[in-house]
Amino acid sequence: QVQLVESGGGLVQPGGSLRLSCVVSGRFFSISTMGWYRQAPGNERELVANITRGGRINYIDYVKGRFTISRDNAKNEVYLQMNSLKPEDTAVYYCNARVLSPPNYYNMDYWGKGTLVTVSS
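Heads up: these notes are all about the structure in this document. Worth saying up front: this structure is predicted, and the values here are computed from it rather than measured.

The rules behind the values
Residues numbered from 1 in each chain as written. Predicted model: local features only at pLDDT ≥ 70, side-chain atom pairs only at ≥ 80, totals over all residues. Heavy atoms only, no water. Helix = DSSP H or I, 4+ residues; strand = E, 2+ residues; numbered from the N terminus. Buried < 20%, exposed > 50% of the residue type's maximum accessible area, 1.4 Å probe, protein only. Contact = heavy atoms within 4.5 Å. Phe/Tyr/Trp six-rings, centres within 6.5 Å; stacked < 30°, edge-to-face > 60°. Lys NZ or Arg CZ within 6 Å of the ring centre and 35° of its normal. Pairing = 2+ DSSP bridges. Core = buried A, V, L, I, M, F, W, Y, C linked by side-chain atoms within 4.5 Å. Patch = residues over 30% accessible without salt bridge, like charges linked within 9 Å, V, L, I, M, F, W, Y side chains within 5 Å. Areas by Shrake-Rupley, 256 points an atom, 1.4 Å probe, with all protein chains shown as cover. Salt bridge = Lys/Arg side-chain N within 4 Å of Asp/Glu carboxyl O. Axes fitted to C-alpha atoms, helices over the stretch in contact; angles between N-to-C directions.

What follows covers the environment of alanine 40. For alanine 40, the position within the fold is in the loop between strand 4 (30-39) and strand 5 (46-51). Assessed through its relative accessible area of 24%, alanine 40 is described here as partly exposed. When the C-alpha atoms of alanine 40 and tyrosine 93 are compared, they prove to be 8.8 Å apart, with 53 residues separating the residues in sequence. Excluding residues that lie within four positions of it along the chain, alanine 40 makes contacts with Thr90 and Ala91.

Structure follows, in structure tokens:
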């Protein structure tokens, strides 16, 4: 019953910016950690950034100072502002959320279908 839908991907030149958005919908009680992962061709999916309900944020070293993750709990949304993009950032970006939903009594990970970010001149 829980769905995550990403938006905001596209083609951008090196040094440009994109803002990814993800909205969580369906039947659920609460959302704990939300985050963004990415997967480039031939690579494993990796964590880019996540943010807890309490606001603790984690980034991989490669994006520190360039990417900013934020969330709006009232709207059940999480965002990833990406600045100073590099060709190496090209990947499919996936939204992730840990959600407490009936009939479960524990949090489960849910994933969006992904949005493609291509950084190229």
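Let us look at the side chain of aspartate 89. Along the chain, aspartate 89 falls in the loop between strand 8 (77-82) and strand 9 (91-100). Exposure remark for aspartate 89: the relative accessible area of 0% places this residue in the buried category. Excluding anything up to four places from it in sequence, aspartate 89 contacts Arg38, Tyr62, Arg66, Phe67, Ser84, Val117 and Val119.

Turning to the packing of aromatic side chains, a few remarks are in order. The description of an aromatic ring pair rests on the distance of the ring centres and on the angle between the ring planes. Under the counting rule described, the total for this entry stands at one aromatic pair. Ring plane angle 65° and centroid distance 4.8 Å describe the contact between tyrosine 37 and tryptophan 111, whose orientation is recorded as edge-to-face. Of the two residues, tyrosine 37 sits in strand 4 while tryptophan 111 sits in strand 10 (residues 108-111), which places them 74 residues apart along the sequence. Its end group placed over the ring of tyrosine 94, arginine 45 keeps NZ or CZ at 3.7 Å from the ring centre. Lying across the ring of tryptophan 111, arginine 45 places its NZ or CZ 4.9 Å from the centre.

What follows is about the pairing of strand 3 (residues 18-25). Pairing analysis gives five bridges linking strand 1 (residues 3-7) to strand 3, with the strands arranged antiparallel. Its bridge partner lying in strand 3, leucine 4 is registered against valine 24.

Soluble globular proteins tend to bury their nonpolar side chains together. In terms of nonpolar packing, the biggest core is built from 29 residues, with Trp36, Leu80, Met82 and Tyr93 touching the most fellow members. For this core, the secondary-structure elements that each account for two or more residues are strand 3, strand 4, strand 5, strand 7 (67-72), strand 8, strand 9 and strand 11 (115-119). Looking at this core, the element that brings in the most residues is strand 9, giving five residues. Setting aside residues up to four positions removed in sequence, tyrosine 93 forms contacts with Glu6, Leu20, Trp36, Tyr37, Arg38, Val48, Phe67, Leu80, Met82, Gly114, Thr115 and Val117.

Before going further, it helps to examine a nonpolar patch on the surface. Together, Tyr105, Tyr106 and Met108 make up an exposed nonpolar region whose accessible area comes to about 410 Å². Of note, methionine 108 is situated in strand 10.

The next point concerns the sheet that holds strand 7. Hydrogen bonding along the main chain pairs the strands of a sheet, whether they run parallel or antiparallel. In space, the four strands of this open sheet follow the order 1-3-8-7, with antiparallel pairing throughout. Each having just a single partner strand, strand 1 and strand 7 make up the two edges of the open sheet. This sheet shows a mean twist of 15° between the axes of neighbouring strands, independent of strand direction.

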